[in-house]
Amino acid sequence: MIRDVSSNELFTILILFGIAIIAVAKLVAPKRFEDFLYVIGNFKYLKIYSREQKFFDNFDALLFINLIISVSIFSFIIYQHITGIQNVSINLIFKLTIGIGSFILIKVLIERLIGSIFEIDKIIDAYLFQKISYKNYLGTLYYYH
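Going along each chain's sequence as written, the residues are numbered from 1 onward. Totals for whole chains, interfaces and linings use every residue, but because this is a predicted model, local features are given only for residues with pLDDT of at least 70 and side-chain atom pairs only at 80 or more, for both listing and counting. The side-chain values count all of the structure's non-hydrogen atoms but skip hydrogen atoms and water molecules.

Q: How should the pattern of salt bridges be read in this particular structure?
A: When the charged atoms of two side chains with opposite charge come close together, those side chains can pair. In the sections that follow, a salt bridge refers to a side-chain nitrogen of Lys or Arg positioned within 4 Å of a carboxyl oxygen of Asp or Glu. Under the definition given, this model contains six salt bridges. Of the charged contacts, one joins Asp 60 and Arg 32 as a salt bridge, the two residues approaching to 3.3 Å between their closest N and O atoms. Of the two residues, Asp 60 is situated in helix α4 (residues 58–83) and Arg 32 in helix α2 (residues 30–37); the sequence distance between them amounts to 28 residues. By the burial criterion, Asp 60 is buried, and Arg 32 matches it. Ionic pairing is found between Glu 111 and Lys 131, a salt bridge with its closest N-O pair at 2.7 Å. Of this pair, Glu 111 sits in helix α5 (residues 90–117) while Lys 131 sits in helix α6 (residues 121–141); the two residues are 20 residues apart in sequence, bridging distant segments of the chain. Only protein chains enter the accessibility calculation, which uses a 1.4 Å probe; a residue whose area is less than 20% of its type maximum is buried, one above 50% is exposed, and one in between is partly exposed. Since its relative accessible area comes to 16%, Glu 111 is described here as buried. Note on conventions: DSSP H or I runs of at least 4 residues are helices, E runs of at least 2 residues are strands, and numbering of each starts at the N terminus.

Next comes the structure, spelled out in structure tokens:
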């Protein structure tokens, strides 16, 4: 009897890459990462780091990359279960990653544009910081299940 062997090496590589990104984020800002881990139950992180918010922050960028990888892996697993395919397509995972990342970035830029149009930049910045922080937290939770 011939068995169809499916390889999950790509998932392993992506998960290790995501864990490495989380480790780099912890090395870049250890105190901030410690505060970030308690973002759900404690608003200390949101109060302190929303004031220091920059347009491009290395810590948030690393966690955002991790979020995109985590959501792409999860989306592909759901797609595999829905369609019943067994083999892992690198092209499909790459397309999912680019699509999800583009969607989230475009959505944030549109929200910033709307905030700028209605002259509520500070409110929108605080809202987006909270939303992005919680999304990034969900991206880190993927590795703890």
